[in-house]
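Summary of structural features
Listed below are the residues making up each chain.
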Amino acid sequence: MIWIVFSVMAAAAFLTLAFSGTSRKTSVLSRHESASAIFADQITEVERDQERGIISAGECKAAKAEIERRLRAIDRQADGEPTARPSGRALVLAAALAVPALGAALYWQVGSPGIPSQPFAERAGEQAQAREIADLAAKLKARLELDETGGPTDGWAMLGQTYMRMGRYEDAAGAFARVQDRPEVTSALASQYGEALVYAEDGIVTPKASRVFDRALELDPANPAASFYQALALEQAGAPDAAYDLLQARIESEDGYRPWMDSFAAQMNRIAALVGLPGVDLADLAPAMPGPTAEQAATAEQMSDEDRQAFIRSMVERLAARMQENPGDLDGWMRLGKAYAVLGESNSARDAYSRAKVLADDLPQDDPRRAGIDRALLEL
Amino acid sequence: MIPEIGQFALTLALAVSLVQSVLPLLGTARDNVVWMKSATATSVLLTGLVGLAFGALMWSFVISDFTVLNVASNSHSQKPMLFKVAATWGSHEGSLLLWVLILVIFGLGVSLLARNIPLALKARTLAVQAWICAGFLSFMLFTSNPFERVFPAPLDGNDLNPLLQDIGLALHPPFLYLGYVGFSIVFSFAVAALIEGRVDPAWARWVRPWTLAAWVFLTLGIVLGSWWAYYELGWGGWWFWDPVENVSFMPWLAGTALFHSAIVTEKRDSFKSWTILLAVLTFSLSLLGTFVVRSGLLTSVHAFSVDPERGIYILVLLGIAIGGSLTLFAVRAPEMEGGGLFAPISREAGLLINNLLLATATATVLFGTLYPLLLEAVTGEKISVGPPYYNASFVPIMLVLVMVMAVGPLLSWKRADLRGVLARLKWVAGLSLLAALAVWYLDTGGPVLAVVSIALAVWLLGSVATEWAGRIKLGEVPLAESLRRARNLPRSHYGMVVAHAGLAVCIIGFVGSSAWKSEVVIFAEPGTELEIAGFDVRFEGVEQVRGPNYLSRMATLTVSRNGTFVSTLNPERRAYPVAGSSTTESAIRTTLAGDLYASIQEPAAESEQNRWTLRILYEPLVVWIWIGSGLLALGGVLSLSDRRLRVGAPRKRTGRAPAPVVAE
């Protein structure tokens, strides 16, 4: 439907322009004709003014003399007047064709033909759903508040997350705040609380929010959300360079690409543009893991369970072979260990992690990979 | 689908405007009629396309289609319908679309309505008009797309800034833009004349009505803005010399100079270069106004440099438009043929002084507006240039202007008899001296400026009356004859009389409301009484009232004088929960003698729930400003409605030259 309308618009634009200038009325107003017409009008006016007694006969005569003098001046300048030559149609047609072409090309850049209109009146379903969610949130809150034990932590977390999705950030912060002093609070729950506080303050990391993020990092130093907001706090405190460095250090502390890194890199680039630091390319900071390509993954999807196990195994074996050739690659050993763990081959996994641990001894004490390896070895 | 139709219409419009920028000019260079005539078709097409886009945006606002980002950020489903419609141009993107819509409508006017214009001049004018159009359309599409979509759509919008949800401000931008953009036609005509290297009689014929139409709209736009600031901001001030106001005032001053200069070009075939220069400058100042307001430069120079994309784009456009046209002027103006000669004392000379004074006044405002911005950009120091600067620079220039403008209309074309004119104005001079003495007697310690200004206002009013009485020979011929003459006077003449008198009325309002204003600000609780300018005001209390998208706390004030009840005032504070802000709705009792003005503010602290900050002002004569500005605009309309062409008839020299007679 929309394409039909667009075609009609484009065709109308083309036709209007293509047939311009083809009217039979080829009269062309030249400079001399225009001036004579205006001066003739003026003389009529002057005469009428005299009849109405606004100007005297002498004034009328003087004015007429003046107009005639001007007309003679125009005549003296008479030069090449445009002549009616119906040539040059080709250029007009070309221009008429260029209009829809250029219009469509621009539209291709800026338009979003796939998005439908949504008049407010037709969105009753969504409004009802929003009301329903609001009702459910209200009920959940009432139940949690009535609970004599203070309500389960999971319940408050869910309430907070619901409020966040509804855009009621202050309510969300209130819900998360209820459970922050409990022993079972996790780093994620703390940083969600901090995030709600930031949203409620229109994106400002207040000192209170900053303390909450500190707590989240105490609970888990690897919590990326907490690091992100700590960097934002540094930037807002007037230290964009420090914010930039913190974001960069956090990305580099990982052994490869993680989905949260996109927002980190975007933030770094924004700060970089503001204070004139070099921009970053995530591919340089965190090389993507040599995982299965899209094609391989698609193939894996269509396989039976057995085939898939075999497919994964073949990939792991290739990685293992590569590691024999290049035994100094710490990140490679960690990936191999993880892959064996997924396949359930604990012994091979332990071997791989042990090789990694030897290499990791050279790393600084606070490198998160050391903790990662120790944790993996413990679990195996 | 509707927003996308608008989007496609805009991209097509940009393509069409590019064609119109080039093809007609090629036609004039190659003497090709078909190419020149294509400008008419493209201007119709442009108007259709931009109109379609504007309609699509307005439709999206009316049905609250929140998939359009612009609607989601500037509207709300609960907002009254009038303000949904007005929100179309309430945002940055929408106001640009309105700007371009008005631009193409004016272009259409030139291509369809203006008869007797030589084809070449018309083709060039429409091409120049298309350059401006292409500049703004590309600015819109690349940096401020009004049809930016968001999906999934938010469930409801963010609401329009409640300060803008007001009838005065809903109408303010369209009028202002009709003014700004109206000057674009005169600009295009001027640039076309410069390209051509000569001024056609048709040019001189059309420049005055277009200028005047734009000027009337600009006057109304500025007055609406000023009136809005007066009743909505809760201060009782009507002009703050704020950069936003100044940038609309400068094109007004330059435009005033322009149509006075255009009178000379039309009637006397003179002042051609000067008129062209003023046309270029007036529109350049309009562009500057759009730039300063739309780039975010005013919020702070720093904010501008953080998000410079839009600002840089307009700055480049501005550089091309102003730099290009002034360069063209510098190259071409010396080639323009001069016009008729005139003596140092003549109507022409009077209008020349008018132009020089207005240009100087514009320059002082320009300096006061841009200097703080430049200083902040260079040194980072923030200063504000306020009333003291303008009272010392702008106001004296305007006072001289008023003094001269009283005399100007009495002078005849080409050569005039100043002594005779001054002799006719003797009684007016006496009257204004009396007025000055009266003011001084009533307010001896008051500002000198007030005394001088009132005297000058009386001087202007008196001379306008003298001039009119002289035209109809009041007292010299029988009354019936005078009435006949009054009926026969051209409407354009009445336009001048009304507009000049309007300025005098405005001056009285300016002086009254700034020099003799009284103000009381107190913490009030129910039962508080105060006295101002002879009125007794009693604060009765505050109650809650619910509006369509706001909550109001409405105060009741009882006003009495000498124990007799005068009226009740209900100032409000309105809280808009969705937009998260509040507005002041002042209550005003207006009479010719002065306005009693009341506004309230929230309790100062939580602990003082019942105590309100109550501001009461008495502003004498403030309504004269609105009446006077109305007369200014009415004068413009009267003059515009006079479709007659005009020729200045030099008065025959009778007998000897008048000047030496008395000297001997």
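Being a predicted model, the structure only gives us computed values, none of them experimental.

All right, on to the overall build of chain B then. When helices and strands are tallied, chain B shows 21 helices and ten strands. Radius of gyration (C-alpha) of chain B: 27 Å, near the 26 Å computed for a compact globule of 664 residues. Seen along its three principal axes, the alpha-carbon backbone of chain B occupies a region of about 85 × 65 × 55 Å. Each of the 664 residues in chain B was classed as buried or not, and the buried ones make up 60%. Restricting to contacts in chain B with at least 6 residues of sequence separation, those with at least 24 account for 74%. Total accessible area computed for chain B in this model is approximately 25,700 Å², and 66% of it derives from carbon and sulfur atoms. Of the charged side chains in chain B, 47 are positive and 43 negative, and the gap between their average positions amounts to 16 Å.

Residue and element names in this part refer to chain B. Looking at where serine 567 falls in the secondary structure, it is placed in strand β5 (residues 564–569). Here serine 567 falls in the buried class, since its relative accessible area comes to 16%. Sequence-distant contacts of serine 567, that is, excluding residues within four places in its chain, are made with Leu557, Thr558, Val559 and Arg589.

The next point concerns helix α13 (residues 347–379) of chain B. All names here are of chain B. When the terminal C-alpha atoms of α13 are compared, their 47 Å separation across 33 residues agrees well with the 48 Å that a helix rising 1.5 Å per residue should span. Of all the bends in α13, the largest measures some 30° and sits at leucine 370, one to four residues before the proline proline 372. At the C-terminal side of α13, glycine 380 shows a positive phi close to 80°.

Attention now goes to the confidence of the model for chain B. All names here are of chain B. Averaged over chain B, the pLDDT score is 84; the fraction of residues at 70 or greater is 93%. Low pLDDT (under 50) marks residues 647–664, which in the prediction has 21 contacts with non-local residues, meaning those over four places away or in another chain. ipTM for the predicted complex: 0.79, alongside a pTM of 0.76.

Once that is clear, we can look at the interface of chain B and chain A. The interface of chain B with chain A comprises 74 residues on the first partner and 75 residues on the second. Here chain B packs against chain A, burying approximately 6,200 Å² in sum over the two surfaces, 65% of which is carbon and sulfur. For chain B, the biggest contributors to the area lost against chain A are B:Met1, B:Phe8 and B:Leu155; these three give 11% of the whole. Linking chain B with chain A are eleven residue pairs in polar contact (both at pLDDT 80 or more). Where the side of chain B that touches chain A is concerned, the elements lending two or more residues are α1 (2–30), α2 (33–62), α6 (119–143), α8 (201–232), α9 (243–268) and α18 (479–488) of chain B. Ranked by residue count, the leading element in the side of chain B that touches chain A is α1(B), at 17 residues. Broken down by class, the residue content of the side of chain B that touches chain A amounts to 41 nonpolar, eleven polar and 22 charged.

Mapping B:Asp65 onto the fold places it in the loop between α2 and α3 (69–74). For B:Asp65, the side chain forms a polar contact with the side chain of B:Thr67, separated by 2.6 Å. For B:Asp65, the contacting residues outside a window of four places in its chain are A:Ser117, A:Gln118, B:Pro3, B:Ser60 and B:Val71.

Attention now moves to the sheet that holds strand β9 (residues 594–601) of chain B. Residue and element names in this part refer to chain B. Spatially, β1-β10-β9-β8 is the arrangement adopted by the four strands of the open sheet, whose pairing is antiparallel. The outermost strands of the open sheet, each flanked by one partner alone, are β1 (518–524) and β8 (587–590). In this sheet, adjacent strand axes meet at a mean angle of 10° when their direction is disregarded. Of the pairings in the sheet, the one linking β8 to β9 comprises four bridges and is antiparallel in character. Looking at β9, one finds that isoleucine 588 is bridged to tyrosine 597.

The tally for this structure, following the rule as stated, stands at 17 salt bridges over all chains. For A:Glu235, the salt bridge goes to A:Arg270, with nearest N and O atoms at 2.8 Å. Here A:Glu235 is found in helix α10 (residues 224–236), whereas its partner A:Arg270 is found in helix α12 (residues 261–275), with 35 residues between them in sequence. The residue B:Glu585 makes a salt bridge to B:Arg574 at a minimum N-O spacing of 3.8 Å. One end of the pair, B:Glu585, is in strand β7 (residues 581–585); the other, B:Arg574, is in strand β6 (residues 572–576), with eleven residues separating them in the sequence. The exposure classification of B:Glu585 matches that of B:Arg574, with both residues buried. Through salt bridges with shared partners, one network takes in A:Lys141, A:Glu145 and A:Arg178.

Attention now moves to unusual backbone geometry. Residue and element names in this part refer to chain B. Of note, the phi angle at serine 64 is positive, near 55°, even though the residue is not glycine. Relative to the helices and strands, serine 64 resides in the loop between α2 and α3. On the accessibility criterion, serine 64 (1% relative accessible area) is buried. In this model, asparagine 562 sits at a positive phi of 50°, which is unusual for a non-glycine residue. Considering the arrangement of structural elements, one finds asparagine 562 in the loop between β4 (551–561) and β5.

Take the nonpolar core next. Membership of the largest hydrophobic core comes to 177 residues, with the highest contact counts inside it found for B:Leu97, B:Trp99, B:Phe189, B:Trp203, B:Leu253, B:Ile276 and B:Phe394. The element contributing the most residues to this core is helix α7 (residues 167–196) of chain B, with 15 residues. Residues in contact with B:Phe189, not counting those within four places in the same chain, are B:Val110, B:Ile117, B:Leu121, B:Thr125, B:Trp203, B:Trp206 and B:Trp210. Judged by nonpolar contacts, the second largest core, of 43 residues, contains A:Ala172, A:Leu189, A:Met261 and A:Phe264.

Let us look at the packing of aromatic side chains. Taken as a whole and judged by the stated rule, the model has 35 aromatic pairs over all chains. Here A:Tyr107 and B:Phe8 contribute two aromatic rings whose centre-to-centre distance is 5.6 Å and whose plane-to-plane angle is 80°, an arrangement assigned as edge-to-face. Placement of the pair is A:Tyr107 in helix α4 (residues 89–110) and B:Phe8 in helix α1, with the two residues belonging to separate chains. We note that A:Tyr107, like B:Phe8, is buried. Ring centres 4.9 Å apart and planes at 50° place the aromatic pair A:Tyr169 and A:Tyr199 in the tilted group. With A:Tyr169 in helix α7 (residues 169–177) and A:Tyr199 in helix α8 (residues 187–200), this pair connects stretches of sequence that are 30 residues apart. Through a chain of ring-to-ring contacts, the aromatic side chains of B:Trp215, B:Trp239, B:Trp241, B:Phe249, B:Trp252, B:Phe259, B:Phe367, B:Tyr371, B:Tyr389, B:Tyr390 and B:Phe394 assemble into a single cluster. Across from the ring centre of B:Trp413, 5.0 Å away, lies the NZ or CZ of B:Arg347, which sits over that ring.

This paragraph deals with the packing of α1(B) against α6(B). Residues and elements named next belong to chain B. At a closest axis distance of 8 Å, the pairing of α1 and α6 adopts a crossing angle of 150°. The chirality of how α1 crosses α6 is left-handed. The residue makeup of the contact of α1 with α6, split by class, is 17 nonpolar, seven polar and one charged.

Residues and elements named next belong to chain A. The residue alanine 98 is located in helix α4 in this model. By relative accessible area, alanine 98 is classed as partly exposed at 38%. As a C-alpha pair, alanine 98 and phenylalanine 14 span 84 residues in sequence and 8.5 Å in three-dimensional space.

Reading the values: the criteria
- Residues numbered from 1 in each chain as written.
- Chains lettered and ligands numbered in written order.
- Predicted model: local features only at pLDDT ≥ 70, side-chain atom pairs only at ≥ 80, totals over all residues.
- Heavy atoms only, no water.
- Helix = DSSP H or I, 4+ residues; strand = E, 2+ residues; numbered from the N terminus.
- Rg over C-alpha atoms; globule rule 2.2 N^0.38 Å.
- Buried < 20%, exposed > 50% of the residue type's maximum accessible area, 1.4 Å probe, protein only.
- Contact = heavy atoms within 4.5 Å.
- Areas by Shrake-Rupley, 256 points an atom, 1.4 Å probe, with all protein chains shown as cover.
- Lys, Arg positive; Asp, Glu negative; His and termini not counted.
- Charge placed at Lys NZ, Arg CZ, Asp CG, Glu CD.
- Expected span 1.5 Å × (residues − 1).
- Bend = angle between axes of the 7 residues up to and from the residue.
- pLDDT = per-residue confidence, 0-100.
- Buried area = accessible area lost by both parts, 1.4 Å probe.
- Polar contact = N/O pair within 3.5 Å; in protein donor to acceptor, adjacent residues only side chain to side chain.
- Nonpolar A, V, L, I, M, F, W, Y, C, P; charged D, E, K, R; others polar.
- Pairing = 2+ DSSP bridges.
- Axes fitted to C-alpha atoms, helices over the stretch in contact; angles between N-to-C directions.
- Salt bridge = Lys/Arg side-chain N within 4 Å of Asp/Glu carboxyl O.
- Core = buried A, V, L, I, M, F, W, Y, C linked by side-chain atoms within 4.5 Å.
- Phe/Tyr/Trp six-rings, centres within 6.5 Å; stacked < 30°, edge-to-face > 60°.
- Lys NZ or Arg CZ within 6 Å of the ring centre and 35° of its normal.
- Left-handed = near helix turned anticlockwise from the far one by under 90°.

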